[in-house]
Amino acid sequence: MEVRIEPSWKTLLQEEFNKLYFEELVGFVKKEYEQGTVYPKAGNIFKAFNLCPFDKVKAVILGQDPYHEPNQAQGLCFSVPAGVRIPPSLVNIYKEIQSDIGTPPAAEGDLTRWASQGVLLLNATLTVQAHKAGSHQGKGWETFTDAVIKTISQEKQNIVFLLWGAYAIKKSALIDQSKHLVLTSPHPSPLSAHRGFFGNRHFSRTNAYLTSTGQQPIVW
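None of these values were measured; they are calculated from a predicted model. (Residues numbered from 1 in each chain as written. Predicted model: local features only at pLDDT ≥ 70, side-chain atom pairs only at ≥ 80, totals over all residues. Heavy atoms only, no water.)

Engineer: Is there a simple way to think about the overall build of the protein chain in this case?
Structural biologist: Helix and strand counts for the protein chain come out as eight helices and six strands. Reading the protein chain from its N end, one meets helices and strands in the order α-α-β-α-β-α-α-β-β-α-β-α-β-α. Computed over C-alpha atoms, the radius of gyration of the protein chain comes to 17 Å, within 12% of the 17 Å expected from 2.2 N^0.38 for 220 residues, which places it in the range of a compact globule. Considering the protein chain as a whole, with its 220 residues, one finds that 52% of them fall into the buried category. If you take every contact in the protein chain between residues at least 6 apart in sequence, the share linking residues at least 24 apart comes to 64%. About 10,200 Å² of surface is accessible on the protein chain, with carbon and sulfur atoms providing 51% of the total. Of the charged side chains in the protein chain, 22 are positive and 19 negative, and the gap between their average positions amounts to 4 Å. (Helix = DSSP H or I, 4+ residues; strand = E, 2+ residues; numbered from the N terminus. Rg over C-alpha atoms; globule rule 2.2 N^0.38 Å. Buried < 20%, exposed > 50% of the residue type's maximum accessible area, 1.4 Å probe, protein only. Contact = heavy atoms within 4.5 Å. Areas by Shrake-Rupley, 256 points an atom, 1.4 Å probe, with all protein chains shown as cover. Lys, Arg positive; Asp, Glu negative; His and termini not counted. Charge placed at Lys NZ, Arg CZ, Asp CG, Glu CD.)

See the structure below:
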């Protein structure tokens with residue numbers, strides 16, 4: 001199947017694109033876009049990959065679903081376009097960054113700057129129906145993004161995986177922890193951030209690991 005995605009990812013994932021589940025997923029997603037409002041915009045479904053080619057990946061942050069309200073989803077987990085109110089989970093991420101490494105909270109919620117430094121901001125499900133959280137779960141996206149995580153684990157060395165919340169932490173089973181660093185904690189949501197997301201020091205720990213393996217640290 002012909003999928004518009006950054007060339008290095010296209011080469012690595014072509015086998016997935018040719019599988020029956022992915023063809024069925026594409027058919028479902030196309031129909032959803034035709035019949036109603038779906039986020040993100042179709043051109044941004046693979047934005048996380050397009051901004052962060054495979055050879056540039058040095059960290060992976062895993063979210064669950066795109067934002068499902070207008071003007072928020074842009075194809076990067078936890079990120080919203082400049083000018084859009086920063087969502088509560090990202091507010092807490094910024095708080096932890098400040099507490100951990102002293103960087104003041106950014107004025108905007110656009111995390112493109114992280115993606116361009118090699119942080120793959122991956123949602124497990126890449127599309128969602130407007131106003132209906134989780135509406136595209138169980139349709140095939142998770143099979144695809146699990147394959148992405150496995151491919152990164154198998155084909156690369158010394159990647160940092162930041163897994164926040166029970167859903168993301170389950171994905172650690174897909175990762176070879178003998179050659180990658182997996183950092184886990186509660187989710188940054190206001191419902192759970194005080195149970196261990198605050199104080200996890202994932203941002204300094206990521207940079208310490210990257211530095212120790214000869215990679216450039218992330219400017220968070």
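Picking up after the structure, the text goes on.
Engineer: Teacher, can you tell me more about the environment of E142 here?
Structural biologist: Tracing the sequence through the fold places E142 in helix 6 (residues 141–155). Residues E142 and N123, spaced 19 residues apart in sequence, show a C-alpha to C-alpha distance of 9.0 Å. Those residues in contact with E142, other than ones at most four positions away along the chain, are A124, T125, Q137 and Y167.

Engineer: Please clarify how the packing of helix 4 (residues 88–101) against helix 8 (residues 202–212) should be interpreted in this entry.
Structural biologist: Viewed as axis vectors pointing N to C, helix 4 and helix 8 meet at an angle of 60°, and their least axial separation amounts to 8 Å. By the angle between their directions, the pair helix 4 and helix 8 is classed as oblique. Contact residues: helix 4 offers I93, E96, I97, D100 and I101, while helix 8 offers H202, F203 and S204. (Axes fitted to C-alpha atoms, helices over the stretch in contact; angles between N-to-C directions. Parallel < 35°, antiparallel > 145°, perpendicular 65-115°, else oblique.)

Engineer: Even after reading the chapter, I still don't get the packing of helix 1 (residues 7–17) against helix 6, so can you show me in this structure?
Structural biologist: To characterise two packed helices, one gives the angle between the axes of the helices and the distance between these axes. Where helix 1 contacts helix 6, the two axes come as close as 11 Å, and the packing angle between them is 130°. By the angle between their directions, the pair helix 1 and helix 6 is classed as oblique. For the element pair helix 1 and helix 6, the recorded crossing hand is right-handed. Taken together, the residues of helix 6 that come into contact with helix 1 (itself represented by W9, L12, L13, E16 and F17) are F144, A147, V148, T151, I152 and E155. In terms of residue class, the contact of helix 1 with helix 6 is made up of eight nonpolar, one polar and two charged. (Left-handed = near helix turned anticlockwise from the far one by under 90°. Nonpolar A, V, L, I, M, F, W, Y, C, P; charged D, E, K, R; others polar.)

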